[in-house]
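Observations on the three-dimensional arrangement
Now for the letters of each chain:
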Amino acid sequence: MAQAPTEPSNTEAADLEESSPNMIVYRKIEDIITRMQDDKTGGVPIRTVKSFLSKIPSVVTGADIVQWLMKNLNIEDPGEAIHLGSLIAAQGYVFPISDHVLTLKDDGTFYRFQAPYFWPSNCWEPENTDYAIYLCKRTMQNKARLELADYEAENLARLQRAFARKWEFIFMQAEAQVKIDRKKDKTERKILDSQERAFWDVHRPVPGCVNTTEMDIRKCRRMKNPQKVKKSVYGVTEESQPQSPVHVPSQPVRKTTKEDFRKQITFLNVQIERHCLKMSKVAERFWLAVQDLKKQPLQDVTTRVEEIWQEFLAPGAQSAINLDSHSYEKTSQNVKDPGRYTYEDAQEHIYKLMKSDSYARFLRSNAYQDLLLVKKKGKSLASKRLTGLMQSS
């Protein structure tokens, strides 16, 4: 009589994982990355670069990485070193800080090393709920460097439709993550934001880029092991998906009703109104700050100009305002020679935005419409009283 195949133990499964082709490659790459970051053995110089009125922490240049690879791995052809570096970048071990495309360039482009937590050897297979939380979190942070790209905005819209019934839960998770992030040091938060973005650039790449996680032998093995649980980046599990479709009966899917769509639209409208209100308040604060600058004593002007720049216009500013490129460039030049009218162009641009958007939105708001209704009722009541008095007389 044939015996049933025995399940591999945890130790055997771990050994199989370590001996898989992907894991062998990951370990070799990680050995290179570890040596590259080791200052004692002549690693790549990691430094903080001073930019205009800001600092870019913990970066290396693409040229430095290429030179290190050629020197320490005995590579003679620069093209081969660039190719190897691009393969390492495609796995997310190093990434450009200002681009979603994970490739290596032999120039002054700034790169940053990925945190070990996000390394592929941790066998990440993030869920769409994790991606939804990440994108939703980005929309809550008013920073220019965290604005969604076009493809990310489209992905967010698709995820909102797919997770309509649990979007409130996803939104709450994103809010909780934002609160935690705000408690961190500004420099640390900037680095972690870029590392998290690079992680998703690997697992949800830019359209047209190769997804290095698609042809993964681990996924083929997992098909034979339905009990394997996917790892969640933010500790969120898919409650709607059973761990084993063999042992758990499938649940009937409830058809989406008009009421569900109405609730989703109402929820999204509330979030949009909240975001617009926040942006309007930031714009108003900037306009008032510039007005106050014009009244400052001459000896305080330089300090106040710097404070306004750091609060509203510097890269990573907590209350970033939306300026067009022309106004931003002109203001950047004016800041080099600070004066009471340094932000005149930016203030004029913000005033036009408030006039065309914030004020028009206020006129359409429920609060203003309610005031108009009360006023109209008061007028009609007064006219009725006047007509009654005239008739009685």
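See the structure above.
Quick look at the structure, then. (Residues numbered from 1 in each chain as written. Predicted model: local features only at pLDDT ≥ 70, side-chain atom pairs only at ≥ 80, totals over all residues. Heavy atoms only, no water.)

What the rule picks out here adds up to 12 salt bridges. The partner of Asp181 in a salt bridge is Lys184, and the shortest N-O contact between them spans 3.5 Å. What makes Lys184 partly exposed here is its relative accessible area of 29%. Linked by salt bridges that have partners in common, Lys137, Asp181, Lys184 and Glu196 make up one network. (Salt bridge = Lys/Arg side-chain N within 4 Å of Asp/Glu carboxyl O. Buried < 20%, exposed > 50% of the residue type's maximum accessible area, 1.4 Å probe, protein only.)

The subject of this paragraph is the packing of helix H5 (residues 128-140) against helix H8 (residues 186-203). Running from N to C, H5 and H8 cross one another at 135°; their axes reach a closest spacing of 12 Å. Taken together, the axes of H5 and H8 are oblique relative to one another. Pair H5 / H8 crosses with left-handed handedness. Along the contact surface, H5 presents Asp130, Tyr131, Tyr134, Lys137 and Arg138, while H8 presents Glu196, Arg197 and Trp200. For the contact of H5 with H8, a count of residues per class yields 3 nonpolar, no polar and 5 charged. (Axes fitted to C-alpha atoms, helices over the stretch in contact; angles between N-to-C directions. Helix = DSSP H or I, 4+ residues; strand = E, 2+ residues; numbered from the N terminus. Parallel < 35°, antiparallel > 145°, perpendicular 65-115°, else oblique. Left-handed = near helix turned anticlockwise from the far one by under 90°. Contact = heavy atoms within 4.5 Å. Nonpolar A, V, L, I, M, F, W, Y, C, P; charged D, E, K, R; others polar.)

Turning to the nonpolar core, a few remarks are in order. One finds Ile33, Met36, Ile65, Leu69, Ile88 and Tyr93 to be the most contacted residues of the largest nonpolar core, which totals 23 residues. Broken down by secondary-structure element, the contributors of at least two residues to this core are helix H2 (21-36), helix H3 (62-72), helix H4 (78-90) and strand S4 (110-113). Examining the composition of this core, we find that 6 residues originate from one element, H2, more than from any other. Among all residues touching Met36, those that are not within four sequence positions of it are Gly43, Val44, Ile65, Trp68, Leu69 and Phe113. Trp124, Ile133, Tyr134 and Leu159 belong to the second-largest nonpolar core, a separate cluster that totals 22 residues. (Core = buried A, V, L, I, M, F, W, Y, C linked by side-chain atoms within 4.5 Å.)

The next thing to look at is the environment of Phe169. Positionally, Phe169 belongs in helix H7 (residues 167-182). Owing to a relative accessible area of 34%, Phe169 belongs among the partly exposed residues under this scheme. C-alpha of Phe169 to C-alpha of Thr129: the two residues are 40 residues apart in sequence and 10.0 Å apart in space.

In spatial order, the strands read S1-S2-S4-S3; together these 4 strands make up an open sheet with antiparallel pairing. For this open sheet the edge positions go to strand S1 (47-51) and strand S3 (94-96), each flanked by a neighbour on one side alone. Direction aside, neighbouring strands of the sheet carry axes that sit 50° apart on average. As paired elements, S1 and strand S2 (residues 54-61) share 4 bridges and run antiparallel to each other. (Pairing = 2+ DSSP bridges.)

To continue, consider unusual backbone geometry. The phi torsion at Ser58 lies on the positive side, around 55°, for a residue other than glycine. As for its position among the elements, Ser58 is in strand S2. For Ser58, a relative accessible area of 30% corresponds to the partly exposed category.

This part covers the packing of aromatic side chains. How two aromatic rings sit relative to each other is set out by the distance from centre to centre and by the angle between their planes. If you walk through the whole model with that rule in mind, you get 10 aromatic pairs. Ring geometry for Tyr117 versus Phe118: centroids 5.1 Å apart, planes at 75°, classification edge-to-face. Overall, the relative accessible area of 44% leaves Tyr117 in the partly exposed class. Residue Phe118 is classed as buried on the basis of its relative accessible area, which comes to 13%. Considering the side-chain rings of Tyr134 and Trp200, the 5.8 Å spacing of their centres and the 25° angle between planes classify their relative orientation as stacked. Here Tyr134, found in helix H5, pairs with Trp200, found in helix H8; they are 66 residues apart in sequence, far enough to count as distant. With respect to class, Tyr134 is no different from Trp200; both count as buried. Grouping aromatic residues by their ring pairs yields a cluster made of Tyr117, Phe118, Tyr131, Tyr134, Phe199 and Trp200. (Phe/Tyr/Trp six-rings, centres within 6.5 Å; stacked < 30°, edge-to-face > 60°.)

What follows concerns H4. Between the first and last C-alpha of H4 there are 18 Å, a value that for 13 residues agrees with the 18 Å anticipated at 1.5 Å per step. Considering only its buried residues, H4 is in contact with H2, H3 and S3. Measuring from the backbone nitrogen of Gly79 back to the side-chain oxygen at the start of H4 gives 3.1 Å, which picks out Asp77 as the cap. Downstream of H4 by one or two residues, Gly92 has phi in the positive range, about 90°. (Expected span 1.5 Å × (residues − 1). Polar contact = N/O pair within 3.5 Å; in protein donor to acceptor, adjacent residues only side chain to side chain.)

So far we have only geometry, and geometry alone does not tell us how the molecule works.
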